[in-house]
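Remarks on the overall topology
So the chains spell out like this:
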Amino acid sequence: ESMINTGAPRSVSGHAVSGAILALMASGAYQYAKLKDGQITQDEAIKTTIKSALEGAAIGACAIAASNTIGNPNKSTSTKIVEAATYIAIGGAFVYGVQNAFKSKECKILKNQQKRLNNDK
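Just so you know, these numbers come straight off a predicted model, no measurement behind them. (Residues numbered from 1 in each chain as written. Predicted model: local features only at pLDDT ≥ 70, side-chain atom pairs only at ≥ 80, totals over all residues. Heavy atoms only, no water.)

Along the chain, the regular secondary structure elements total three helices and zero strands. Going from the N terminus to the C terminus, the chain shows its helices and strands as α-α-α. Burial analysis of the chain (121 residues in total) assigns 26% to the buried set. In the chain, 71% of the contacts between residues at least 6 apart in sequence involve partners at least 24 apart. In the form shown here, the chain has an accessible surface area of approximately 8300 Å², with 62% of it arising from carbon and sulfur atoms. (Helix = DSSP H or I, 4+ residues; strand = E, 2+ residues; numbered from the N terminus. Buried < 20%, exposed > 50% of the residue type's maximum accessible area, 1.4 Å probe, protein only. Contact = heavy atoms within 4.5 Å. Areas by Shrake-Rupley, 256 points an atom, 1.4 Å probe, with all protein chains shown as cover.)

Written out as structure tokens, the structure reads:
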């Protein structure tokens, strides 16, 4: 029997979609408010919203996969711990990767704009 009853196993892909939609709605509303106030550009709002949706998908999927593992009565406690930790690490690594991918793209764009400005002088 499981140490923790997490209920019936849930769909990992379904929760990835749910996480993406939830993050898209929350981030989209927040970014729209910032855009209306003139705090950010439309491109920044779109990039941040997409980034949040990707992160939400990864977090939702990995959290459910870890929860399903913890609640699986057919696995030993040590196996559950290792597998759940692996899913959590994968989710964290994916979010870290998404954040860095968006940072490096923005840095590249800024560097190209700076080069153009320097060449115009």
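Now that the structure has been shown, the text picks up again.
The N-to-C vectors of helix α1 (residues 12–36) and helix α2 (residues 42–70) enclose an angle of 150 degrees; their axes lie 7 Å apart at closest approach. With respect to their mutual orientation, α1 and α2 come out roughly antiparallel. The way α1 lies across α2 gives a crossing that is right-handed. Here the contact of α1 with α2 is built from residues that sort into 12 nonpolar, 12 polar and no charged. (Axes fitted to C-alpha atoms, helices over the stretch in contact; angles between N-to-C directions. Parallel < 35°, antiparallel > 145°, perpendicular 65-115°, else oblique. Left-handed = near helix turned anticlockwise from the far one by under 90°. Nonpolar A, V, L, I, M, F, W, Y, C, P; charged D, E, K, R; others polar.)

Here the focus is the pattern of salt bridges. Using the criterion set out here, one finds one salt bridge in the structure. Salt-bridge contacts for lysine 75 lead to glutamate 83; the nearest nitrogen and oxygen are separated by 2.5 Å. Looking at lysine 75, the relative accessible area reads 29%, which means it is partly exposed. What makes glutamate 83 partly exposed here is its relative accessible area of 25%. (Salt bridge = Lys/Arg side-chain N within 4 Å of Asp/Glu carboxyl O.)

Attention shifts here to the environment of methionine 25. Considering the arrangement of structural elements, one finds methionine 25 in helix α1. Distance from methionine 25 to alanine 53, taken between C-alpha atoms, is 8.6 Å for residues 28 residues apart in sequence.

In a regular helix each residue adds 1.5 Å, so 25 residues correspond to 36 Å; α1 covers 36 Å between its end C-alpha atoms and thus fits that length. Residues Ala16, Gly19, Ala20, Ala23, Ser27 and Gln31 constitute the buried set of α1. On its buried side, α1 packs onto α2. Positioned one or two residues after α1, glycine 38 has a phi angle of 75 degrees, which is positive. (Expected span 1.5 Å × (residues − 1).)

What follows is about the confidence of the model for the chain. Per-residue confidence for the chain gives a mean pLDDT of 88, with 83% of residues at or over 70. Mean pLDDT across the elements of the chain ranges from a minimum in helix α3 (residues 77–120), with 81, to a maximum in α1, with 96. (pLDDT = per-residue confidence, 0-100.)

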